[in-house]
Amino acid sequence: MSDGAVLHVKGRVLVGPDDVRDELWVVGGRISYDRPAGARDVRTVEGWVLPGLVDAHCHVGLDAHGPVEPETAEKQALTDRDAGALLLRDAGSPSDTRWIDDRDDLPKIIRAGRHIARTRRYIRNYAWEIEPDELVAYVAQEARRGDGWVKLVGDWIDRDLGDLSACWPREAVQAAIAEAHRLGARVTAHCFAEDSLRDLVEAGIDCVEHATGLTEDTIPLFAERGVAIVPTLVNIATFPQLAACGESRFPRWSAHMRRLHERRYDTVRAAYDAGVPVFVGTDAGGSLPHGLVGAEVAELVTAGIPPVEALSATAWGARAWLGRPGLDEGAPADLVVYEGDPRADVRVLVAPQRVVVNGTVVS
């Protein structure tokens, strides 16, 4: 739009799950609920309106082999944008994507720096691979490089054991998490298995990615400490394929991955029922394509989370958790318009009618 243009958004504006308004205005790229005086060059968009969706676990600048060129990272960000995901928590990337912050047409990114993993205990070319005595220093480094988050690899296959196992001694993660908090950063960790969770939570971790290893023993601990989970169910759906590929070399690991997959919905529902905060993330950018945020919300509903709560996990609740505004007076106008009410049927999320970034209709 031109500098003097105004966007008039009409219909059902979902400021919150129960706060529904008839319209909003976009002036100078920001939201207003007051009709601007003397508005000219007005464009109207109409439908059911949500704040830009949140993908709280993705990887811009990363593919299955490691860092990618800026042109590929741009395509990843555009794919998320066109799917309605306008706020991305990048949960680990070896690429420098700060240039995206200068683009008014791309999603806003909250970075967690580069993954921090144990030596030879993660995907090649993804992470800093270090030993426990280096963990505090690397956490401090990534806390300074990121946007308020640090990402650890909490467990991975131990080839000698032939199964998943925790990567870090308890005292190492306790010191590292304390250092991140001292520097004002929150910490999250990749965790598939059961045995890494208690030490991480009792060490003060803020979030766990995937969390397939939650059990009736650890779910209450997560709830008591307020530790969030991002289940990435669209990624967990790939476990049977991964298990089949590893069957001949690591049969114990393969069987474990199948068990985690089989109980995935029960695990997420039990965590939600216990009061564990649950948020939407897709794990796009590794082996998965970007643009799957709507599919992940539908997966949470399949797991038994009520539709409005699953919607909040990618909209109002997720933005509040990450400390970013929604459809607030004066906030940047990042919003998505749908044909139907997403509270009634979250499947509408896969087909946005309009996407608005910083007040401009981009798709």
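Residues numbered from 1 in each chain as written. Predicted model: local features only at pLDDT ≥ 70, side-chain atom pairs only at ≥ 80, totals over all residues. Heavy atoms only, no water.

Overview of the overall build of the protein chain
The helix and strand tally for the protein chain stands at 12 helices and 20 strands. What you see for the protein chain is a C-alpha radius of gyration of 21 Å, in line with the 21 Å of a compact globule of 363 residues. Projected onto its principal axes, the C-alpha positions of the protein chain cover 70 × 40 × 35 Å. A buried classification covers 55% of the 363 residues belonging to the protein chain. (Helix = DSSP H or I, 4+ residues; strand = E, 2+ residues; numbered from the N terminus. Rg over C-alpha atoms; globule rule 2.2 N^0.38 Å. Buried < 20%, exposed > 50% of the residue type's maximum accessible area, 1.4 Å probe, protein only.)

Re the sheet that holds strand β3 (residues 30–32)
Across the sheet, which stays open at both edges, the seven strands sit in the order β3-β2-β1-β4-β18-β19-β20 with mixed pairing between neighbours. In this open sheet, the two edge strands, each paired with only one partner strand, are β3 and β20 (360–361). Of the strand pairs in this sheet, strand β4 (residues 42–51) and strand β18 (residues 335–338) are connected by four bridges, and their pairing is antiparallel. Note that in β18 the partner of Val49 across the bridge is Val337. (Pairing = 2+ DSSP bridges.)

Overview of the packing of aromatic side chains
Scanning the entire structure with this criterion turns up seven aromatic pairs. On the basis of an interplanar angle of 75 degrees and a centroid distance of 4.8 Å, the ring pair of Tyr122 and Trp156 is categorised as edge-to-face. Note that Tyr122 is positioned in the loop between β10 (116–118) and β11 (128–130) and Trp156 in strand β13 (residues 155–158), a separation of 34 residues in sequence. Members of the aromatic cluster, each reached through a chain of ring pairs, are Tyr122, Tyr126, Trp156, Phe192 and Phe239. Above the ring of Trp128, the side-chain terminus of Arg114 is found at 4.5 Å from the ring centroid. (Phe/Tyr/Trp six-rings, centres within 6.5 Å; stacked < 30°, edge-to-face > 60°. Lys NZ or Arg CZ within 6 Å of the ring centre and 35° of its normal.)

Regarding the side chain of His8
Of note, His8 is situated in strand β1 (residues 6–14). Residue class for His8 comes out buried when judged on its relative accessible area of 9%. Among the polar contacts made by the side chain of His8, one reaches the side chain of Glu23 at a distance of 2.6 Å. (Polar contact = N/O pair within 3.5 Å; in protein donor to acceptor, adjacent residues only side chain to side chain.)

A short note on the environment of Glu171
As for its position among the elements, Glu171 is in helix α3 (residues 170–182). Under the relative-accessibility criterion, Glu171 is labelled exposed at 58%. The spacing of Glu171 and Ile100 is 71 residues in sequence and 37 Å in space, taken between C-alpha atoms.

Looking at the pairing of β1
Both β1 and β4 contribute to a ladder of eight bridges, which runs parallel. Bridge pairing links Lys10 to Glu46 in β4. Two strands pair when backbone bridges link them, and β1 and strand β2 (residues 20–27) are joined in this way by seven bridges, in the antiparallel orientation. Across the sheet, the residue bridging to Leu14 is Val20, located in β2. Taking the residues that link successive antiparallel strands as the turn, the β1-β2 hairpin has five residues.

Concerning the sheet that holds strand β5 (residues 53–58)
If you trace the three strands from one edge of the open sheet to the other, you get β5-β8-β9, paired in parallel fashion. Sheet topology places β5 and β9 (108–111) at the edges, where each strand pairs with a single neighbour. Sheet twist, expressed as the mean angle between neighbouring strand axes with direction ignored, is 20 degrees. For strand β8 (residues 85–90) and β9, the ladder comprises four bridges, and the chain directions are parallel. (Axes fitted to C-alpha atoms, helices over the stretch in contact; angles between N-to-C directions.)

Focus on the packing of helix α7 (residues 239–246) against helix α8 (residues 251–262)
At a minimum axis distance of 8 Å, the contact between α7 and α8 shows a crossing angle of 170 degrees. Here α8 runs roughly antiparallel to α7, going by the angle between their axes. On α8, the residues that touch Phe239, Pro240, Leu242, Ala243, Ala244 and Gly246 of α7 are Pro251, Trp253, Ser254, Met257, Arg258, Leu260 and His261. Taken together, the residues that form the contact of α7 with α8 break down as nine nonpolar, three polar and one charged. (Parallel < 35°, antiparallel > 145°, perpendicular 65-115°, else oblique. Contact = heavy atoms within 4.5 Å. Nonpolar A, V, L, I, M, F, W, Y, C, P; charged D, E, K, R; others polar.)

Re the layout of surface pockets
Taken as a whole, the largest pocket holds about 1000 Å³ of empty space. As for the largest pocket, its lining consists of 35 residues, and the residues nearest its centre are Tyr122, Ile123, Arg124, Trp156 and Leu242. Sorting elements by how many residues they give to the lining of the largest pocket places α7 first, with five residues. Looking at the lining of the largest pocket residue by residue, the classes come out as 16 nonpolar, 11 polar and eight charged. In this structure, the second largest pocket spans a volume of roughly 240 Å³. If you trace the second largest pocket, you find 15 residues lining it, with Ser93, Ser95, Asp96, Gly113 and Arg114 closest to the centre. Taken together, the residues of the lining of the second largest pocket sort by class into three nonpolar, five polar and seven charged. (1 Å grid on protein atoms, 1.4 Å probe; cavity = no way out; pocket = protein on both sides within 12 Å on 5 of 7 lines; lining within 4 Å. Points joined across faces, edges and corners; volume = space filled by probe spheres on them.)

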